[in-house]
Amino acid sequence: MPHDHHDHDHDHGSELDDMTARVMALETLLTEKGIVQPAALDAIIETYETQVGPRRGAEVVARAWTDPDFRDWLEKDATAAIASMDYTGRQGEHMMAVFNTPERHNMVVCTLCSCYPWAVLGLPPVWYKSTPYRARAVREPRAVLAEFGVTLPEGQSVRVWDSTAEMRYLVVPMRPEGTEAMTREQLIDLVTRDSMIGTGLPLSPGASA
Amino acid sequence: MTACDIPALPRIPGITGSDTEPRFHAPWQARAFALVVSLHEAGAFSWTDWAAAFGARLGRDTALPSAATTEDHAAQYFTAWLATLEDFLNRDGSAPAPAVDAAAAQWQRAARATPHGTPVLYERGAAETG
């Protein structure tokens, strides 16, 4: 991380950059008032840096590929189906699963800010939060997909879903061909983060790490 | 409409194709993120209100040049995040802007007064005035 070290003059201390100083100031004031606890902040960071990530979403997708009842449930009520796997959002948001088909590819954006299904994908990558993606995903999804190296067949349309604070989307990609003999555990490794945002496709069998 | 109708669109930064990009690009970004999550869970504001204010603040940012790096975009994003948080806390009185300015200045003094390799203590910034 770029701001860990500021200055290597051992006698004269170091300079804090403004952003660091302001965040420390907020934490100090709110801690003094008992509104936040530093240990709770540590725990939140630890959770999102190491525990909550796209593996959870991949488990949901692989289960939908292998369990027709779960797939139906996910389609009808994704919030409940995902909560049944103990993955619930911290912001009380609703989840909707959108299924790719040969006729339609789904892609997710938040044009307003960065609403994203944290509970199943972790925190969004920088590009998802950046102005170019937010501005372009709706306007020219195929050009955006091309930048991600994805070219869709002509007959497949693209539907772009705009997330909000209340509604988050999980793309369920199509199960890759040649995976009929694979177990659910093996399938999980094929489901990339980007394939659940709709800016990528699942890996082919043999291509996963 | 084709892409050619929209000239000079910046390419999307930070496409790595991997799921392993760092969640935060500086420690202060992680801390600012955790403050908002913690305050929301304590009932300080609804997530709907947060997203609306944050989105409005992001919308006022000028677009970064296309040469901007992923780190630049992360910094711009979390700068807006922090500004939104400061607005909320100033308005509800839990961290008025003058108090934040004073505490930030005290942390700066504390850092300058602390030899490298020693933990920076907030108290160390208090003695000096001005």
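Residues numbered from 1 in each chain as written. Chains lettered and ligands numbered in written order. Predicted model: local features only at pLDDT ≥ 70, side-chain atom pairs only at ≥ 80, totals over all residues. Heavy atoms only, no water.

A short note on the overall build of chain A
Broken down by element type, chain A carries eleven helices and four strands. Projected onto the principal axes, the alpha-carbon positions of chain A cover approximately 65 × 35 × 35 Å. A buried classification covers 52% of the 209 residues belonging to chain A. In chain A, once contacts between residues fewer than 6 apart in sequence are set aside, the share between residues at least 24 apart is 65%. Entry remark: accessible area of chain A is about 9400 Å², with carbon and sulfur atoms responsible for 51%. If the 19 positive side-chain charges of chain A are averaged to one point and the 31 negative ones to another, these points end up 8 Å apart. (Helix = DSSP H or I, 4+ residues; strand = E, 2+ residues; numbered from the N terminus. Buried < 20%, exposed > 50% of the residue type's maximum accessible area, 1.4 Å probe, protein only. Contact = heavy atoms within 4.5 Å. Areas by Shrake-Rupley, 256 points an atom, 1.4 Å probe, with all protein chains shown as cover. Lys, Arg positive; Asp, Glu negative; His and termini not counted. Charge placed at Lys NZ, Arg CZ, Asp CG, Glu CD.)

Thoughts on the packing of aromatic side chains
One pass over the full model with this rule turns up 27 aromatic pairs over all chains. Where Trp50 of chain B meets Phe54 of chain B, the ring centres are 5.7 Å apart and the plane angle is 15°; that geometry is what we call stacked. In this pair, Trp50 of chain B and Phe54 of chain B are both assigned in helix 2 (residues 47–59), four residues apart and thus about one turn of the helix distant. On the basis of relative accessible area, Phe54 of chain B is assigned to the buried category, the value being 0%. Their ring planes at 40° and their centres at 4.9 Å tell us that Trp107 of chain B and Tyr122 of chain B sit as a pair that is tilted. Note that Trp107 of chain B is positioned in helix 4 (residues 97–112) and Tyr122 of chain B in the segment after helix 4, a separation of 15 residues in sequence. The ring of Phe99 of chain A is capped by Arg71 of chain A, whose NZ or CZ atom sits 4.1 Å from the centre of that ring. The ring of Phe88 of chain B is capped by Arg91 of chain B, whose NZ or CZ atom sits 5.3 Å from the centre of that ring. (Phe/Tyr/Trp six-rings, centres within 6.5 Å; stacked < 30°, edge-to-face > 60°. Lys NZ or Arg CZ within 6 Å of the ring centre and 35° of its normal.)

Let's talk about the packing of helix 3 (residues 54–66) of chain A against helix 4 (residues 68–76) of chain A
Between two packed helices, the angle of one axis relative to the other and the distance separating the axes together describe the packing. Residue and element names in this part refer to chain A. Running from amino to carboxyl end, helix 3 crosses helix 4 at an angle of 120°, the nearest separation of the two axes being 6 Å. The angle between helix 3 and helix 4 places the two elements in the oblique class. Remark: the crossing between helix 3 and helix 4 carries left-handed chirality. Two secondary-structure elements touch here, helix 3 through Val60, Arg63, Ala64 and Thr66 and helix 4 through Pro68, Phe70, Arg71 and Leu74. Looking at the contact of helix 3 with helix 4 residue by residue, the classes come out as five nonpolar, one polar and two charged. (Axes fitted to C-alpha atoms, helices over the stretch in contact; angles between N-to-C directions. Parallel < 35°, antiparallel > 145°, perpendicular 65-115°, else oblique. Left-handed = near helix turned anticlockwise from the far one by under 90°. Nonpolar A, V, L, I, M, F, W, Y, C, P; charged D, E, K, R; others polar.)

Side note on the environment of Ala135 of chain A
Residue and element names in this part refer to chain A. Secondary-structure assignment places Ala135 in helix 8 (residues 131–139). On the basis of relative accessible area, Ala135 is assigned to the partly exposed category, the value being 31%. Taking the C-alpha atoms as reference points, Ala135 and Leu112, 23 residues apart in sequence, are found 9.3 Å from one another.

A few points about the domain arrangement of chain A
Along its sequence, chain A is carved into domain 1 (18–50) and domain 2 (53–197). One C-alpha centre belongs to domain 1 of chain A, the other to domain 2 of chain A; they are set 31 Å apart. (Domains from an automatic or database assignment.)

Comments concerning helix 2 (residues 38–51) of chain A
Helix length check: helix 2 of chain A (14 residues) gives 19 Å between terminal C-alpha atoms against 20 Å at 1.5 Å per residue, within 8%. Of the positions making up helix 2 of chain A, those classed as buried are Leu41, Ile44, Ile45, Thr47 and Tyr48 of chain A. One side of helix 2 of chain A holds all its buried residues, which, seen down the axis, span an arc of 155°. Relative to its buried face, helix 2 of chain A has exposed residues pointing more than 90 degrees away, namely Ala39 and Thr50 of chain A. Looking at the buried side of helix 2 of chain A, the elements it contacts are helix 1 (18–32) and helix 6 (118–121) of chain A together with helix 1 (27–41) of chain B. (Expected span 1.5 Å × (residues − 1). Arc of directions from axis to C-beta.)

Points about the pairing of strand 2 (residues 104–109) of chain A
Residues and elements named next belong to chain A. Counted residue by residue, strand 2 has five buried out of six residues, so it is predominantly covered. Across six bridges, the pairing between strand 2 and strand 3 (residues 157–162) is parallel. If you follow Asn106 over to strand 3, its bridge partner there is Arg159. (Pairing = 2+ DSSP bridges.)

Description of unusual backbone geometry
Even without being glycine, Asp86 of chain A reaches a positive phi, approximately 70°. Relative to the elements of secondary structure, Asp86 of chain A occurs in the loop between helix 5 (78–83) and strand 1 (94–99).

As for the side chain of Glu140 of chain A
Relative to the helices and strands, Glu140 of chain A is located in the loop between helix 8 and helix 9 (141–147). Engagement of the side chain of Glu140 of chain A in a polar contact is seen with the side chain of Arg136 of chain A, the distance being 2.6 Å. (Polar contact = N/O pair within 3.5 Å; in protein donor to acceptor, adjacent residues only side chain to side chain.)

Side note on the confidence of the model for chain A
A low pLDDT score tells you not to read the predicted coordinates there in detail. In this model, chain A carries an average pLDDT of 91, and 93% of its residues clear a pLDDT of 70 or more. Every residue in residues 1–9 of chain A scores below 50 in pLDDT, and together they form 19 contacts with partners more than four places removed in sequence or on other chains. (pLDDT = per-residue confidence, 0-100.)

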